[in-house]
Amino acid sequence: MGEAIVHVNGVELCAETFGDPQAPAILLIGGMASSMDWWDADFCRRLALGGRHVIRYDFRDTGRSATYPPGAPGYTGDDLIADAAGVIDLLAGGRAHVVGISMGGGIAQHLAVDHSPRVATLTLVSTSTGADDDLPPMDERLEAAFADPAAEPDWSDPAAVVEYIVEEQRLFAGPDSFGEEYVREIARQVVARTHEIESSMKNHALVKGSDGTRHRLGEVTAPTLVIHGTADPFFPPGHAVMLAREINRAQLLMLDGVGHQTPPQSTWDVVVPAILGHSAL
């Protein structure tokens, strides 16, 4: 299909597919404020070469999907979950191997418990059910950055926005797994493709979320793989251990030195076979 605008859940979303449409489908769900560009096209192609039909898409307010005014998202977390379910119905024939990172991992959890027939397998990357007293808090360095955030860029200046995104990504990445020039190139793609970059960077944080899923993890029936970085400053590794413990028969794959980030290229030789093997179940 390549990149195209599709109509899902009453809105226009931009999606792109890779590989044979008749092959088992993998749906990649991104993190907060992330367009599909963060699922690198070469990463998608490697999955497709493993015999999968790979689907990535822009959330509302990212990339070329439906856009709302900055500071005023006209949708809820439940809408984002419904969007993902609709993409599965439209592009995956109603059932997919679901891979979600960070916020996308939260969406994936809701799909697994509320739309279980659509989820063949579940892969949760750098995610959690949210803060709980028995889970480790975010790294002090990241907490300090949230308390004293960087000044907003001039949203009309693409170069300034690119640098703002690069520095934001640096905060979340593992110190030894951050490829600055690689991230800058992805950020350039994001800014070039995005209808309204200020909305993209702000609105997801303002969306009313759904209830947490921790009390429902026992309802997950899809075979589950948890992938997590040992240097994740946002959801330290204890969050991954909790997911793997509380989801029945879940498997845990830790990525040494990786932070809260889409698996960097240095991990693809591990991550791609793991996802392909898991989605063969």
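Conventions adopted
Residues numbered from 1 in each chain as written. Predicted model: local features only at pLDDT ≥ 70, side-chain atom pairs only at ≥ 80, totals over all residues. Heavy atoms only, no water. Helix = DSSP H or I, 4+ residues; strand = E, 2+ residues; numbered from the N terminus. Buried < 20%, exposed > 50% of the residue type's maximum accessible area, 1.4 Å probe, protein only. Patch = residues over 30% accessible without salt bridge, like charges linked within 9 Å, V, L, I, M, F, W, Y side chains within 5 Å. Areas by Shrake-Rupley, 256 points an atom, 1.4 Å probe, with all protein chains shown as cover. Salt bridge = Lys/Arg side-chain N within 4 Å of Asp/Glu carboxyl O. Contact = heavy atoms within 4.5 Å. Pairing = 2+ DSSP bridges. Axes fitted to C-alpha atoms, helices over the stretch in contact; angles between N-to-C directions. Expected span 1.5 Å × (residues − 1). Arc of directions from axis to C-beta. Phe/Tyr/Trp six-rings, centres within 6.5 Å; stacked < 30°, edge-to-face > 60°.

Participant: Where do I start with unusual backbone geometry in this structure?
Facilitator: If a residue is not glycine, its phi is most likely negative; likewise, a peptide bond is most likely trans. A positive phi is found at Ala33, a non-glycine position, where the angle reads about 65 degrees. For Ala33, the location among the structural elements is in the loop between strand S3 (25-29) and helix H1 (41-49). A relative accessible area of 18% places Ala33 in the buried class.

Participant: Is there a simple way to explain a nonpolar patch on the surface in this structure?
Facilitator: Side chains of Val241, Leu252 and Met254 sit close together on the surface and give an oily, nonpolar patch of about 220 Å² of accessible area. Position of Val241 among the secondary structure elements: in helix H8 (residues 238-246). Here Val241 falls in the partly exposed class, since its relative accessible area comes to 40%.

Participant: Is there a simple way to think about the side chain of Asp83 in this case?
Facilitator: By secondary structure assignment, the location of Asp83 is in helix H2 (residues 77-91). Once you skip the residues sitting within four places of it in the chain, Asp83 turns out to touch Val8, Asn9, Val11, Leu13 and Arg60.

Participant: What is the right way to read the sheet that holds strand S6 (residues 119-125) from this model?
Facilitator: In a beta sheet, neighbouring strands are held together by backbone hydrogen bonds and run either parallel or antiparallel to one another. An order of S1-S2-S4-S3-S5-S6-S7-S8 is seen for the eight strands of this open sheet, with the pairing classed as mixed. Two strands lie at the open edges of the sheet, namely strand S1 (2-8) and strand S8 (251-255), each paired on one side alone. For this sheet, the mean inter-axis angle between neighbouring strands, taken without regard to orientation, is 25 degrees. Where strand S2 (residues 11-18) meets strand S4 (residues 53-57), four bridges bridge the pair, whose relative direction is antiparallel. Counterpart to Glu16 in the pairing with S4 is Arg56. Its contacts with the sheet place H1 against S2, S3 and S4, and it is angled at close to 155 degrees to S4. The strands touched by helix H3 (residues 103-114) are S3, strand S5 (96-101) and S6; relative to S5, the strand with the most contacts, the crossing angle is about 145 degrees.

Participant: I would appreciate a short explanation of helix H5 (residues 158-172) in the present structure.
Facilitator: Think of an α-helix as 3.6 residues a turn; residues three or four steps apart then line up on the same face. The terminal C-alpha atoms of H5, which comprises 15 residues, lie 22 Å apart, in line with the 21 Å expected from a rise of 1.5 Å per residue. By the burial criterion, the buried members of H5 are Val161, Val162, Ile165, Val166 and Phe172. Across the axial projection of H5, the buried residues extend over an arc of 140 degrees, all falling on one side. For H5, the secondary structure elements touched by its buried residues are helix H4 (140-147), helix H6 (180-193) and helix H7 (197-202).

Participant: Mind showing me how you'd approach the packing of aromatic side chains here?
Facilitator: Each aromatic ring pair is specified by the distance between its two centres and by the angle formed by the two planes. In the structure shown here, the tally under the stated rule is nine aromatic pairs. Aromatic pair Tyr57 and Phe59: ring centres 5.7 Å apart, planes at 75 degrees, arrangement edge-to-face. Neither Tyr57 nor Phe59 differs from the other in exposure class; each is buried. Taking the centre distance of 5.8 Å and the plane angle of 65 degrees together, the rings of Phe172 and Phe234 count as edge-to-face. One end of the pair, Phe172, is in helix H5; the other, Phe234, is in the loop between strand S7 (224-229) and H8, with 62 residues separating them in the sequence. Given the relative accessible area of 15%, Phe172 is considered buried. Classification of Phe234 by relative accessible area gives partly exposed; the value is 24%. Within the aromatic cluster, the residues linked to one another by ring pairs are Phe146, Phe172, Phe234 and Phe235.

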